[in-house]
Amino acid sequence: MKKMISLLLVLLMLLSTMVGCGSQGVEATNTEAADVSAEANNDSQGSNEEDPLKFGMIVWSKDDALGSMIYSTVNYAAEQLVEMQWEIGWSDVDLQVTQAQNLIAAGVDGIMMVSITDGATEKVTELCEKAGIPFVLVHRRISDPDIAAIVEARDCYLGSLSEDYVVDATLVMEYMGSLGTIESVGLGLTTVGSALEIKNKGFLDGVEKYGYEVVGEFYADGAADTKTYAENLITTYPDMDCLIMTCGADGAAEAAYNRIKAVVGAGNIKLAMSDLPSDPLPMFEDGTLLCCTTGIYPLNMYALMMLYNEVTGNPVSETPVYLTQPSLLYTCAEDITELNKYVTNPDFHLWSAEEVKALVKAENPEVSEAFYQEKMNGWSAEWVKSKIG
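Residues numbered from 1 in each chain as written. Predicted model: local features only at pLDDT ≥ 70, side-chain atom pairs only at ≥ 80, totals over all residues. Heavy atoms only, no water.

### Remarks on the side chain of Gln99
Applicable threshold: Secondary structure elements follow DSSP: runs of H or I of four or more residues count as helices, runs of E of two or more count as strands, with numbering from the N terminus. Only protein chains enter the accessibility calculation, which uses a 1.4 Å probe; a residue whose area is less than 20% of its type maximum is buried, one above 50% is exposed, and one in between is partly exposed. The contact rule is simple, with two residues in contact once any of their heavy atoms fall within 4.5 Å.
Within the secondary structure layout, Gln99 lies in helix α3 (residues 93–105). Look at Gln99 and you get buried, because its relative accessible area is 3%. Those residues within four positions of Gln99 in sequence are excluded, and the remaining contacts are Ile58, Glu87, Ile88, Gly89 and Trp90.

Shown next as structure tokens:
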């Protein structure tokens, strides 16, 4: 009996020791957690703000003329509102899907995207729908009616903001027609099924309206294809009067320009495009470039505000919005030297901080779909001149 009592006493002592060690461990852990919590609480009390919103954007480049302005303008407009996370550079649908997955995994609250194809738009909006975040398409309109029906039925889809593709191409064709010097043309169009396919209509309508002889044509999906096809067309048809191109970005215009100089000499085949070369000034100065369009980057600022208004509970519309941005038509070297240094200068902003703030619905109750479209319609060379004095 005494042995049993002694044994029980030993067990009780061991148990007491174990409990004591355990409580010290718990106490230490609680103290560490309390310190972290207190630090976090102090930080919270110091800032008295929720975590900032974060938006993601997928775009082909931030280094060419348009890409650099998109990057600069969105970052400028976002400065006081949200953090931006960028996915830059794309070559196919799969990569764009991966980029969207990266942004969603990073916890973005919304996505803006320049889509490479309608198929990419369908797949990325599917991801956004599952993630419960809004999506805005920029510089594109969905041309495939079946895909449009699928995308527009998704709650995440706020709509698209783009240049008016047909009007943009028509500006080019009407200017060419006014010169009365062009008879034969080569056409560099956009691949059927591409997100930019709708641009083709403006060019084809202009060809019919002015009775141009089409000596050759190609359909390209992006700058890389355009470079190769344009060079081949110029070599094959050196007697054509003008090469008309839907794409001049990412070196496509320069590739065509250099081939013209090499094959027939500068100015002996004209270039016209609904896009802006990276360095248009020498092309205008030696008489090769007839005209080009540019200045469509402001639409990205409105797209950003659509996302912000949606996420903060002040949607611009309950249904998908479709807004269009007019382009600026450049026809001479003076347009480049007088306007373009402001229009495509990523270090110069034409809108004040107050004007950007007025696009936020919580700050300005007049904000609506019609309000944004009216602002976008006011974009012109004259408006730019008024801002720069």
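### So, a nonpolar patch on the surface
For the record, the criterion: A patch consists of residues exposed above 30% relative accessible area that lack any salt bridge, with like charges linked at up to 9 Å and nonpolar side chains (Val, Leu, Ile, Met, Phe, Trp, Tyr) linked at up to 5 Å. Computed by Shrake-Rupley with a 1.4 Å probe, the accessible areas treat only the displayed protein chains as cover when residues are assessed. The working definition used for a salt bridge is a side-chain nitrogen of Lys or Arg within 4 Å of a carboxyl oxygen of Asp or Glu.
A cluster of nonpolar side chains, namely Val192, Leu204 and Tyr219, defines an oily patch on the protein surface of about 270 Å² accessible area. For Leu204, the location among the structural elements is in helix α7 (residues 199–210). Of the residues examined, Leu204 reaches a relative accessible area of 37% and is grouped as partly exposed.

### Remarks on the packing of aromatic side chains
This is how it is decided: Aromatic pairs are defined between Phe, Tyr and Trp rings, using the six-membered ring for Trp, whenever the two ring centres lie within 6.5 Å; interplanar angles under 30 degrees are classed as stacked, those over 60 as edge-to-face, and all others as tilted. As a reminder, the over-ring test applies to NZ of lysine and CZ of arginine, requiring each to be within 6 Å of the ring centre and within 35 degrees of the ring normal.
One pass over the structure, following the stated rule, counts 13 aromatic pairs. Plain terms: the ring middles of Trp351 and Trp383 are 5.4 Å apart, the flat faces sit at 35 degrees to each other, and that makes the pair tilted. Taken as a pair, Trp351 in the loop between α12 (333–343) and α13 (353–357) and Trp383 in helix α15 (residues 381–388) lie far apart in primary sequence, 32 residues in all. Trp351 sits in the buried class, given a relative accessible area of 11%. Relative to Trp383, the ring of Trp379 has its centre 5.7 Å away and its plane inclined at 55 degrees; by these criteria the two rings are tilted. Ring pairing ties together the aromatic residues Tyr297, Trp351, Trp379 and Trp383, which thus form one cluster. Lying over the aromatic face of Tyr71, Lys62 brings its terminal NZ or CZ to 5.3 Å of the ring centre.

### Considerations on a negative patch on the surface
Stated formally: Counted charges follow a simple rule, with Lys and Arg positive, Asp and Glu negative, and His plus the chain ends left uncounted. Throughout, a charge is located at the NZ atom of Lys, the CZ atom of Arg, the CG atom of Asp or the CD atom of Glu.
Taken together, the side chains of Asp279, Glu285, Glu334 and Glu338 present a region of like negative charge at the surface. Mapping Glu334 onto the fold places it in helix α12.

So yeah, pure geometry; function would need other evidence.
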